[in-house]
Amino acid sequence: MSSATATLKKGLFLGLNLRQKTILIISLTSILLFGILISSLILGGEALPTNFGSKNLAPSLAHPFGTDWMGRDMFIRTVEGLGLSLIVGFVASSLSTILAIVLGIFSSLSKKTDAFVSWLVDLFLSIPHLLFIILISIGLGGGVVGVIAGVALTHWTSLTRVVRAEIKQLKTQEYIHISSKMGKSKLWIAIKHMMPHLIPQILVGVILMFPHAILHEASVTFLGFGLSPHEPAIGIILSESMKYLAAGYWWLAFFPGLSLLIVVLAFDMIGDNIGLLMDPKSAHD
Amino acid sequence: MENEKLVGFAGKKALKLISLLVFVSLFSFWLVEQSPIDPVRAYVGEMAISPEHKAQLEEYWGVNVPPQEKYFNWAVNILQGNFGTSLIYKRPVIDVILERFSVSLVLMATSWLISGILGFILGVIAGMKRGTLMDKIIKTYCYILAATPTFWLALLLLMVFSVYLGWFPIGLSVPIGATADNVTIFDWLYRLILPAVTLSLLGVAQIAMFTRKKLIEVLSSDYVLFAKARGEKGLDLVLRHGVRNIALPAITLQFLGFSELFGGAILVEQIFSYPGIGQATVQAGLSSDVPLLLGIVLFSAIFVFTGNLIADIIYEFVDPRIRQQEAAQ
């Protein structure tokens, strides 16, 4: 999977080596995502003008994504929705990451805590993710808090496993043993020897968690358990579009979904490419 | 010796399932208990009721009973096979779940099989032709699919095949006036196509990428080099040495995907109004049908557990390599 991005655009940047290419891809996709976030923040809060004179227009130069049944510009709604998705995804993945790091370190303390953490991971993986998010969202009364908690509480498992396996593997390394035989404290070893190995892994893990978080948020909102209907979320836009499918207003669903796909893909690319950069074996290919 | 292992394995798994169900039920019960849902309100809806009737209902739903006791009552009832009555279907929860789940199983099994076979074939082709245009196309396809929102793909298919081409009706549920029993097998297949295609298309990505990676590993091994030196080549070589070695891990991976499959089914059933467990989940959630929702959670946990269990069985008993690796570790 990871090499897919590198080869994807080969034709475009023939003269560059892998390192330059990955940095270019990372910068371009990051600019795209920041652009979306910033424009949605600038647009945010303002209710879009409703203009019944221009309702249900097909895509044109004036309205690249068309307009909806209230004459609102779908492009602006989509950008606002994506911005919201990014914020929800960011908060949820950050919480999830903190949880994963804490549990990963906790599992390395002793055999008992390790068994406990594995058991907890198994427990959280035993209910289908989407159903679990729905349940948590219902439990917290829906809304932004419900979705964020739901997504955060279901996405920590894979990163916890990574952190746990990495610590386990590091513990068997000779230099760690030597360091401790030479009288260094556990904390010192953790900070000086383990952290430098863990941080890149965690960073890549977080970035790759993002797209899952965003997709799950959109799915739950689409089903009606997430953000409330007056938020400009992508899930809301798409569930509204279902009512107009039979009328043939395809642009209501097509463009917002495609934009969501592109955002998710951008995150996948950034994550994979950072992973490539940080892995010394592949960084200089 | 082998028998002993079998008994030990079965015992361990049974214990695990029981402990899992206990904690899943506790956790989900607690979650629903936290929610601002008023069971009496959910039951009567917008109807006006007399205070006596309300008190009666409150007693029935145990509004004033402490949560521990409520959980205990619920759990004891479940042990006796009584999951309670669904608020929206006004029928025993267990009947609703069994009926809906069997409908969904058809959908899930179909797309599980198609995506597994298709993904495996695509992965083998990509791995065999590594670095060629074919490989790149398959990789890009998988990469994009992995980022595609399930419900958006479902909406697109619905637009293209139902709205434009008119091949399928827009709501694919049971025709008005007919009950689920007297629809013919063809009606079934007809309704199954679009949801199954959606889930299959999306399910391909993971298995194809996994197969590709494994095949490349196998093809760069010493025994393949030796086979090549003996003059084996092309498809024959891949079939004889590659596919045999990667089939089992791929099947295992496919069994581990039951959780994703269930999540996909929820979305797809909702969009195509396929009358399965996913649609029931959404309805139960939206109209606060707590007994049904909790029942579905328990059954979905058993469903996921079954997938993992089969994967474990393949691990422990079928694949000699994995057994050896474990012993070596």
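As shown above, the structure is provided for reference.
The structure displayed is predicted, hence computed values, not measured ones.

Caption draft 1: Fine view of the overall build of chain B. Secondary structure assignment for chain B yields 14 helices and zero strands. Looking at chain B as a whole, 33% of its 329 residues qualify as buried. Expressed as a percentage of contacts within chain B between residues at least 6 apart in sequence, the contacts between residues at least 24 apart total 75%.

Caption draft 2: Fine view of the overall build of chain A. Helix and strand content of chain A: twelve helices and zero strands. Starting at the N terminus and walking to the C terminus, you meet the elements of chain A as α-α-α-α-α-α-α-α-α-α-α-α. Here chain A holds 285 residues, and 41% of them are scored as buried. A fraction of 67% describes how many contacts in chain A between residues 6 or more apart in sequence connect residues 24 or more apart.

Caption draft 3: Region of the structure containing the interface of chain B and chain A. Between chain B and chain A, the residue contacts involve 41 residues of the former and 40 residues of the latter. Secondary-structure elements contributing two or more residues to the side of chain B that touches chain A are helix H1 (2-34), helix H6 (133-146), helix H7 (150-164), helix H11 (258-272), helix H12 (277-286) and helix H13 (290-318) of chain B.

Caption draft 4: Local environment of the nonpolar core. If you look at the biggest cluster of nonpolar residues, it comprises 125 residues, and the most contacted ones within it are Leu131(A), Ala154(B), Leu155(B), Ala208(B) and Val297(B). The residues touching Leu131(A), leaving out its near neighbours within four places in the chain, are Phe262(B), Gly263(B), Ile266(B), Thr281(B), Val297(B) and Ser300(B).

Caption draft 5: Here's a closer look at the packing of helix H5 (residues 93-128) of chain B against H6(B). Residues and elements named next belong to chain B. Contact geometry for H5 and H6: axes closest at 8 Å, N-to-C directions at 140°. The orientation of H5 relative to H6 falls into the category oblique. The element H5 and its partner H6 pack so that their crossing is left-handed. Facing Leu 122, Ile 125 and Ala 126 of H5, the residues of H6 in contact are Met 134, Asp 135, Ile 138 and Lys 139. Classifying every residue of the contact of H5 with H6 gives five nonpolar, no polar and two charged.

Caption draft 6: Region of the structure containing unusual backbone geometry. All names here are of chain B. Here the phi dihedral of Ser 273 falls at roughly 35°; this positive angle occurs in a residue that is not glycine. Its location among the elements puts Ser 273 in the loop between H11 and H12. Overall, Ser 273 belongs to the partly exposed group, with 16 C-beta atoms counted inside 10 Å.

Caption draft 7: The arrangement of helix H9 (residues 222-229) of chain B in detail. Little of H9(B) sits inside the fold, with zero of its eight residues counted as buried. Gly231(B) lies just past H9(B) and shows a positive phi near 105°.

Caption draft 8: Region of interest: the environment of Ile137(B). Here Ile137(B) lies in helix H6. Linking Ile137(B) and Ala126(B), residues eleven residues apart in sequence, is a C-alpha distance of 8.7 Å.

Each value, and the rule that gives it
- Each chain has its residues counted from 1, running along the sequence as written.
- Here the convention is simple: chains get letters from A, ligands get numbers from 1, in the order in which they are written.
- Local features are withheld for residues below a pLDDT of 70 in this predicted model, meaning they are given only at 70 or higher, and side-chain atom pairs are given and counted only at 80 or more; totals for whole chains, interfaces and linings count all residues.
- In this text, helices come from DSSP runs of H or I with a minimum length of four residues, and strands from runs of E with a minimum of two, each type numbered from the N-terminal end.
- Buried means a residue has 20 or more other C-beta atoms within 10 Å of its own C-beta, exposed means 12 or fewer, and partly exposed covers the counts in between; C-beta atoms are placed from the backbone.
- Residue pairs qualify as contacts under a 7 Å threshold applied to their C-beta atoms, which are placed from the backbone.
- Here a nonpolar core is just a set of buried residues of the types Ala, Val, Leu, Ile, Met, Phe, Trp, Tyr and Cys, joined wherever their C-beta atoms sit within 7 Å.
- Between the N-to-C directions of two axes lies an angle of 0 to 180 degrees, each axis being a line fitted to C-alpha atoms and, for a helix, fitted only over the stretch in contact.
- Oblique is the label for every angle not falling under 35 degrees (roughly parallel), over 145 degrees (roughly antiparallel), or within 65 to 115 degrees (roughly perpendicular).
- Left-handed describes a crossing whose near helix is turned anticlockwise from the far helix through less than a right angle; right-handed describes the clockwise counterpart.
- The residue classification treats Ala, Val, Leu, Ile, Met, Phe, Trp, Tyr, Cys and Pro as nonpolar and Asp, Glu, Lys and Arg as charged. All others, Gly included, are polar.

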